[in-house]
Amino acid sequence: MRSPQTYDPNYDPLYAESPGTAVDYSPTYWRYHAGEPPEDDGPVSGDMDVDVALIGGGFTGLATALFLAREHGIKAVVLEANQIGWGCTSRNGGQGHLAWGRLSRSQWVKKWGADVARRLHKNSLEGYEVFRAMTEDVEIDCEPHGEGNLLIAHSAKAMAGLVAESRLCNEVLGYKTRLLTRDTVLKEYIGDQECQGAMLEPVGIAVQPLKLAYGYARVARRLGARIHTGSTVQNWTTVNGVHHLRTPGGTVRAKAVGVCTAGYTSPNLHKLTAYKVMPIMANSVVTRELTDDEVAACGFRSTLLTTDTRKLRYYYRYLPEKRLQIGTRSAISGGDAENPKHLRVVQEAIARKFPALAGIETPFFWHGWMDISHDMMPRVVQPDPKQQVFYSQGYSGNGVSFSAYASKQLAALIAGKRLADADLPIFSSPLPSHPLRPIRRLGQHVLYTYFSLRDRFV
């Protein structure tokens, strides 16, 4: 087996022509903990004709291949530039939220009205059950745990916002959330010293994300899908309705193509996906294993997935292996990703939230690129009805659970089926363009400075 190329921490999808070919994994805790990847089909080694090609071997590409085979009898070919789950699939926090994109439910109501919001919420609950079923599949060993989702108010004003959000969830959507006092959170869940109260959602599952992807890959291949790693799509042309995807080892000619590349989508991949998402970086650390005294001092009584209410939010959880995982946004460009100040941002957050862990070793530090859509909502669509091209993108940092449902829907679209909720915003229109993306990076600097000050004082 060919040795992978060295991982490049400075890779930036905003400018890079491709994510590379056969590049090694980012040095994440999930890679360390997941064991060796499952067997794949190696790089493409000659021209081939296929019914369906899926570009990207992360959550979406792998699960779409699984659903195409299991529910529609279509044995797709997955083209992954590097390794199975190489992108954000292996770099996220493993938090399976009930979240379709980045907007809150109150923002759904404000944007589309209560009726559409109720339908979106119903759709999200149905979709979440797809994710739950995947995590409970005996063939997918992803270590699911921690039922529920804890949203922690970092300030009194933020708590007031959670009170309003909880009321809307309960009264408008019929979604039974609970408000918790600071004392209840500290005594029963987690000893976050910044906590001013919290909203507890009944739905949410934490997973080992790379093991989830490995499970998808094993099941998809057992059902007849092929997964070609080290097979970057270097050029894409369409001749008489057939898509010619040139890789280093040969050209794959496909009747239909599903794009599943998320934040790692090259601007030059295809005009239908160019500049549709903004790549935003998130950083994450995992600490060394904690002692029993440290666990007690930090009040880690739950493995619930947890997020705070900052604009530059922190997402964190106590792992079953007695480690703390915590992440946030920080660096803006790939060239700045390894700057030590970004690690300090997370380490300082650990010290504020859990003083007993101030200065603790964080042997695992990594970053990954999220695909932020312009309107903060994902899409699962065929953007041009005249072309057999489909994509599922714009998860905006909430793809762990949504990707399972999105993949099931994407598979149905590729198979020529009409979706039951086709008129909902996530299915009824393409992603809006992100105009002037390089210039938007300048705006990010300004916004991050503003958000940092706001999070400190509001």
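Reference entry: report on the structure contained in this document. Along each chain, residues carry numbers from 1 onward, in the same order as the chain's sequence is written. Owing to the predicted nature of the model, reporting of local features is limited to residues with pLDDT of at least 70; listing and counting of side-chain atom pairs is limited to 80 or more, with chain, interface and lining totals taken over all residues. Side-chain metrics in this entry use all non-hydrogen atoms of the structure; hydrogen atoms and water are not considered.

## Description of the overall build of the protein chain
Point 1. Only DSSP runs of H or I reaching four residues or more are called helices, and only runs of E reaching two or more are called strands; each is numbered from the N terminus. Assigned secondary structure in the protein chain consists of twelve helices and 18 strands.
Point 2. Its C-alpha atoms give the protein chain principal-axis dimensions of roughly 65 × 50 × 45 Å.
Point 3. Burial analysis of the protein chain (458 residues in total) assigns 61% to the buried set.
Point 4. Using a 1.4 Å probe, the Shrake-Rupley method yields the accessible areas, and only the shown protein chains count as cover for residues. In the structure as shown, the protein chain presents an accessible area of about 18,000 Å², 52% of it carried by carbon and sulfur atoms.
Point 5. Mean positive and mean negative side-chain charge positions of the protein chain (52 and 45 charges, respectively) differ by 6 Å. Buried, partly exposed and exposed residues are distinguished by accessible area as a fraction of the type maximum, computed with a 1.4 Å probe on protein chains only: under 20%, between the cut-offs, and over 50%, respectively. Positive charges come from Lys and Arg, negative ones from Asp and Glu, while His and the chain ends are left out of the count. The atom standing in for a charge is NZ when the residue is Lys, CZ when it is Arg, CG when it is Asp and CD when it is Glu.

## A word on the side chain of Ser392
Point 1. Looking at where Ser392 falls in the secondary structure, it is placed in strand S18 (residues 389-393).
Point 2. Here Tyr395 takes part through its side chain, which lies 2.7 Å from a polar atom of the side chain of Ser392.
Point 3. Not counting the four nearest positions on each side in its chain, Ser392 is found in contact with Thr60, Val259, Arg379, Val380, Ala406 and Leu410. Polar contacts here mean pairs of N or O atoms no more than 3.5 Å apart (in protein, one a potential hydrogen donor and the other a potential acceptor; neighbouring residues in sequence count only if both atoms are side-chain atoms). It only takes one pair of heavy atoms within 4.5 Å for two residues to be counted as in contact.

## As for the pairing of strand S12 (residues 277-286)
Point 1. For S12, the buried fraction is high: ten of the ten residues fall into the buried class.
Point 2. Neither face of S12 is left uncovered, since the one carrying Val277, Pro279, Met281, Asn283 and Val285 and the one carrying Met278, Ile280, Ala282, Ser284 and Val286 both have all their residues buried.
Point 3. Note: S12 against strand S15 (residues 324-329), five bridges, orientation antiparallel. Looking at S15, one finds that Asn283 is bridged to Thr328. Strands are labelled as partners when DSSP assigns at least two bridges between them.

## Points about the state of the cysteines
Point 1. Note on terminology: pairs of cysteine sulfur atoms within 2.5 Å are recorded as disulfides. Inspection of every chain in the model, using the stated rule, returns zero disulfides.
Point 2. No disulfide involves Cys195; its nearest neighbouring cysteine sulfur is the one of Cys298, lying 14 Å away.
Point 3. A relative accessible area of 0% places Cys195 in the buried class.
Point 4. For Cys298, a relative accessible area of 2% translates into the label buried.

## Side note on the environment of Pro19
Point 1. Its place among the elements puts Pro19 in the segment before helix H1 (29-34).
Point 2. For Pro19, a relative accessible area of 17% gives the class buried.
Point 3. C-alpha separation for the pair Pro19 and Glu80, spaced 61 residues apart in sequence, amounts to 10.0 Å.
Point 4. Non-local contacts of Pro19, meaning those with residues more than four positions away in its chain, are made with Tyr11, Ala81, Asn82 and Trp86.

## Quick word on the pattern of salt bridges
Point 1. We define a salt bridge as a side-chain nitrogen of Lys or Arg found within 4 Å of a carboxyl oxygen belonging to Asp or Glu. In total, this model carries 27 salt bridges according to the counting rule given.
Point 2. Between Arg31 and Glu36 there is a salt bridge; the shortest N-O distance is 3.7 Å.
Point 3. Residue classification places Glu36 among the exposed residues on the basis of a relative accessible area of 64%.
Point 4. A salt bridge links Asp141 to Lys211; the nearest nitrogen and oxygen atoms lie 3.2 Å apart. Remark: Lys211 occurs in helix H7 (residues 209-222) and Asp141 occurs in the loop between helix H4 (114-136) and strand S4 (149-152); sequence separation between them is 70 residues.
Point 5. Overall, the relative accessible area of 14% leaves Lys211 in the buried class.
Point 6. Here the residues in one salt-bridge network are Asp192, Glu194, Asp308, Arg310, Arg352 and Lys353, joined through shared partners.

## Some points on the pairing of strand S6 (residues 198-201)
Point 1. Covered by surrounding structure in S6 are Ala198 and Leu200 together with Met199 and Glu201, the residues of both alternating faces.
Point 2. Here four bridges tie S4 to S6, and the two strands are oriented antiparallel to one another. The partner of Asn149 across the bridge, within S6, is Glu201.
Point 3. Relative to S6, strand S5 (residues 178-180) runs antiparallel, the two sharing three bridges. Bridged to Leu180 within S6 is Ala198.

## Some details on the sheet that holds S6
Point 1. In spatial order, the strands read S5-S6-S4-S13-S14-S15-S12-S16; together these eight strands make up an open sheet with mixed pairing. Each edge of the sheet is formed by a strand with only one pairing partner; in this case those strands are S5 and strand S16 (364-373). Neighbouring strand axes in the sheet, compared pairwise and without regard to direction, differ in orientation by 25° on average.
Point 2. Pairing of strand S14 (residues 315-318) with S15, which is carried by four bridges, proceeds in the antiparallel orientation. Within the sheet, the bridge partner assigned to Tyr316 lies in S15 and is Ile326.
Point 3. Angles shown run from 0 to 180 degrees and are taken between the N-to-C directions of axes, each axis being a line fitted to C-alpha atoms and, for helices, limited to the stretch in contact. This element, helix H12 (residues 437-457), spans S12, S15 and S16 of the sheet and lies at about 45° to S12.

## Some details on the environment of Ile84
Point 1. As for its position among the elements, Ile84 is in the loop between strand S2 (77-79) and strand S3 (95-96).
Point 2. Not counting the four nearest positions on each side in its chain, Ile84 is found in contact with Tyr25, Pro38, Asp40, Gly57, Leu62, Leu210, Ala213, Tyr214, Ala217, Ile227 and Thr229.

## Description of the packing of helix H3 (residues 105-112) against helix H5 (residues 156-171)
Point 1. Running from N to C, H3 and H5 cross one another at 70°; their axes reach a closest spacing of 9 Å. Overall, the two elements H3 and H5 adopt an arrangement that is roughly perpendicular. Here Arg105, Ser106 and Val109 of H3 come into contact with H5, specifically with Glu165, Leu168 and Cys169.
Point 2. Note on residue categories: nonpolar means Ala, Val, Leu, Ile, Met, Phe, Trp, Tyr, Cys or Pro, charged means Asp, Glu, Lys or Arg, and polar means any other residue, Gly included. For the contact of H3 with H5, the class distribution of residues is three nonpolar, one polar and two charged. With respect to orientation, any angle under 35 degrees is reported as roughly parallel, any angle over 145 as roughly antiparallel, any angle of 65 to 115 as roughly perpendicular, and every other angle as oblique.

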